[in-house]
Every structure is written in structure tokens, then in C-alpha cells.
Amino acid sequence: MENKFDFAGKVALVTGAGRGIGKGIALRLASHGADIAVNDLIPETAEITAKEISSKGGHAIAFPGDISKSTVVEEIVDKALAHFHHIDILVNNAGISLYRPLLDCTEEDWDRHIDIMAKGTFLMMRKVAPSMIAQKWGRIINLGSYVAQLNCTTKYFGPYCAAKFAIIGLTQVAAQEWAPYITVNAVGPGDVETEMMELEWQQEGERRGIPASSVKEEYRKRLLLGRLQTPDDIAGAVAFLCSPYADQITGTHLIVSGGLPYTVK
């Protein structure tokens, strides 16, 4: 049978790929044959991901930098294009998540969320899309969230929820403007076992005076499918949306949450 997950000859630029979901996505796309441009804010973590891909027989180069700044985005993409000559897949994954009541949020908290996620996604799409349109093929996957749905927002994550809703809006507009050559979709993770999620469980536990492990178990129990997601679960959805199986899918927000926001009775 034809292997529709063969991305040999394709180049994927993944932001925030130094750890967590972003690293999982970079590793998964590389396992399907794609060359990877690894972006992360921290040069050392970007290099670690790139070296891990190379150690497994893939081809990856680290392009670290702060994607919330337009000059840095220009530099990252120009360097990636100079090295790989084309970018076929863009995954906008870079993000932050602060656990804080709205009344305790600072202007800086708001700006960081919007700049890194909403603005960063916009800047990356604006820079990469022209070359995809010129080559008449491209796949853009933005990281949304299960909270970026009607009646699914989560308290203590105001700026985060706002930024993720903005990303979904950008996804839907770009899908219309750049059709038919580029499909633009979002993937919305649920509770994924990452360092960022571990910090949320710790903070929730401190607020309630219970162990982080108890909070984690509460999160797991509310999932219809009975287990927390892994970065590779999200990466699998990204790979699907980049494959020929998804050629007629654009402007969507694919929720990969183990059944959230439902709760098991």
C-alpha cells in the first residue's frame, strides 16, 4: 500500500520544539522522513532536539529565537530557507501558560501570552506563507487548545484562553485567504503530560492544599478515554493534517483531548 505518511523531501519548521509537545511534533515528523527546522527560545534545547533527530538518521538544524519579534522571525525563516531552500510545513507550537486569577494578572502577563502565541503565530504565518503559495503547496498547523471552544474556557487562565481563541480566528481567516494551495488547521490539545502541565498540577495543588499527584489523578479521571495525552498523541494529529488523508481539511480545530470537556460520571 502507498505510504501516505512519507514526508521525504518535505521541510517542516516547528516552533517551540525544544521540549514538550513541540519536541514530540518535531520527532514525529522527522520519523516520517521530513527535514526539520527546529525553533526554540532557548538555543540549548533547540540543539538537543536537532541532535536527537540527527542521531536517529534524520536531518535537523536548530534555528533558535524569540518568535514574538518580527525581526527575529524574519531571520529564522530566511536562514531556514537558505539552508533547506523551501519550507513545506509550518507548525506554530511555541507558547506559555501562567496559572493566575484575572485580578492578579499584570499587563506583562497579558502581553507575554498574546505576543508569544497570537502574535508569534501571525508573524510566522505571514513570513512563511508567500513561499508556500509560490510553490503551490503548504501545510500550516497552529496549536490551539481544548479551552478555545465555546463554554470550555478554564478559570485562572484568562490570557492563555484569549491567546488561543485568537489563534483559532487566525487559522480560520488564513485558511480562506490562502486556499487552495495551503491548508491551515489547528490542533487543540487537552491535558498533555509535559513540564508545563506538571507546573499547573503543582500550582493547583498548592492553591487547594493537596498534593500535585492528587490533582493529576483528578485530571485523568475526568477524561473519557482514561489517560492523559502524550506529546506524541498531539504529534500524530499534526502528521495526519500534513498527510494526503487531510487534503480536503482546512480551517478546522481538531481537538485531541481524550474526551474533554466531558467528565466521566
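1. A look at the pairing of strand β1 (residues 11-14)
Side-chain direction in a regular strand flips from residue to residue, so the side chains alternate between the two faces of the sheet.
Right, on to step 1. Every second residue of β1 is oriented toward a common face, with V11 and L13 on one face and A12 and V14 on the other, all of them buried.
Right, on to step 2. Examined bridge by bridge, β1 and strand β2 (residues 35-38) share 4 bridges and lie parallel to one another. Residue pairing across strands places V14 opposite V38, the latter belonging to β2.
Right, on to step 3. Strand direction decides the pairing type here: β1 and strand β4 (residues 89-92), joined by 3 bridges, are parallel. Directly across from L13, in β4, lies its bridge partner L90.

2. As for the pattern of salt bridges
Right, on to step 1. Under the criterion given, the structure shown has 17 salt bridges.
Right, on to step 2. Here E193 and K216 are joined by a salt bridge, their closest N and O atoms 2.8 Å apart. Taken together, the residues span a long stretch of sequence, with E193 in the loop between β6 (182-189) and α6 (195-208) and K216 in helix α7 (residues 212-221) at a distance of 23 residues.
Right, on to step 3. Overall, the relative accessible area of 25% leaves K216 in the partly exposed class.
Right, on to step 4. One salt bridge in this structure joins E198 and K216, with 3.7 Å as the shortest N-O distance. Of this pair, E198 sits in helix α6 while K216 sits in helix α7, and the two are 18 residues apart along the sequence.
Right, on to step 5. Look at the salt bridges and you will find they share partners, linking E204, R207, R208 and E218 into a network.

3. Here's the deal with the environment of G144
Right, on to step 1. You can see G144 is positioned in the loop between β5 (138-143) and α5 (158-177).
Right, on to step 2. A sequence separation of 52 residues divides G144 from N92, and the C-alpha atoms of the two residues are 9.4 Å apart.

4. Topic: the sheet that holds β4
Right, on to step 1. The strand order across the open sheet formed by 7 strands is β3-β2-β1-β4-β5-β6-β7, and the pairing between neighbours is parallel. Sheet topology places β3 (60-62) and β7 (253-256) at the edges, where each strand pairs with a single neighbour. Going from strand to strand, the sheet's axes swing by 20° on average, the running direction of each strand aside.
Right, on to step 2. With 3 bridges joining them, β2 and β3 adopt parallel strand pairing. By the bridge assignment for β3, V38 is matched with A62.
Right, on to step 3. Against the sheet, helix α2 (residues 43-55) engages β2 and β3, with an angle of about 170° to β3.

5. Examining the nonpolar core
Right, on to step 1. In this structure, V14, I25, L29, I36, V38, V91 and V187 are the most contacted members of the largest nonpolar core, which totals 32 residues.
Right, on to step 2. For this core, the secondary-structure elements that each account for two or more residues are β1, α1 (20-31), β2, α2, β3, β4, β5 and α8 (231-242).
Right, on to step 3. If one sorts the elements of this core by residue count, α8 sits on top with 7 residues.
Right, on to step 4. Once you skip the residues sitting within four places of it in the chain, V14 turns out to touch G22, I25, A26, L29, I36, A37, V38, N39 and V91.

6. Regarding unusual backbone geometry
Right, on to step 1. With an omega dihedral of 5°, the bond running from A179 to P180 counts as a cis peptide bond.
Right, on to step 2. Not every positive phi belongs to a glycine, and N151 is a case in point at roughly 65°.
Right, on to step 3. Relative to the assigned elements, N151 resides in the loop between β5 and α5.
Right, on to step 4. Among the residues examined, N151 registers a relative accessible area of 71% and is labelled exposed.

7. A few points about the packing of aromatic side chains
Right, on to step 1. Applying the stated rule across the entire model yields 6 aromatic pairs.
Right, on to step 2. Here the aromatic rings of F5 and Y245 are separated by 5.6 Å at their centres, their planes lie at 40°, and the arrangement is tilted. Of this pair, F5 sits in the segment before β1 while Y245 sits in the loop between α8 and β7, and the two are 240 residues apart along the sequence.
Right, on to step 3. Judged by relative accessible area, F5 falls into the partly exposed class, the value being 24%.
Right, on to step 4. Overall, Y245 belongs to the partly exposed group, its relative accessible area being 46%.

8. Observations regarding helix α4 (residues 107-135)
Right, on to step 1. The end-to-end C-alpha separation of α4 is 41 Å, in line with the 42 Å expected for 29 residues at 1.5 Å each.
Right, on to step 2. In the structure, α4 departs most strongly from a straight axis at D115, where the bend amounts to approximately 35°.
Right, on to step 3. Where α4 is buried, its residues meet β1, α3 (70-84), β4, β5, α5 and β6.
Right, on to step 4. Immediately downstream of α4, the backbone of K136 shows phi near 60°, a positive value.

9. Some thoughts on the environment of G16
Right, on to step 1. Residue placement: G16 occurs in the loop between β1 and α1.
Right, on to step 2. Residues G16 and G95, spaced 79 residues apart in sequence, show a C-alpha to C-alpha distance of 7.1 Å.
Right, on to step 3. Not counting residues up to four positions away in its chain, the partners in contact with G16 are G22, K23, N39, D40, N93 and A94.

Rules used in this analysis
Residues numbered from 1 in each chain as written. Predicted model: local features only at pLDDT ≥ 70, side-chain atom pairs only at ≥ 80, totals over all residues. Heavy atoms only, no water. Buried < 20%, exposed > 50% of the residue type's maximum accessible area, 1.4 Å probe, protein only. Helix = DSSP H or I, 4+ residues; strand = E, 2+ residues; numbered from the N terminus. Pairing = 2+ DSSP bridges. Salt bridge = Lys/Arg side-chain N within 4 Å of Asp/Glu carboxyl O. Axes fitted to C-alpha atoms, helices over the stretch in contact; angles between N-to-C directions. Contact = heavy atoms within 4.5 Å. Core = buried A, V, L, I, M, F, W, Y, C linked by side-chain atoms within 4.5 Å. Phe/Tyr/Trp six-rings, centres within 6.5 Å; stacked < 30°, edge-to-face > 60°. Expected span 1.5 Å × (residues − 1). Bend = angle between axes of the 7 residues up to and from the residue.

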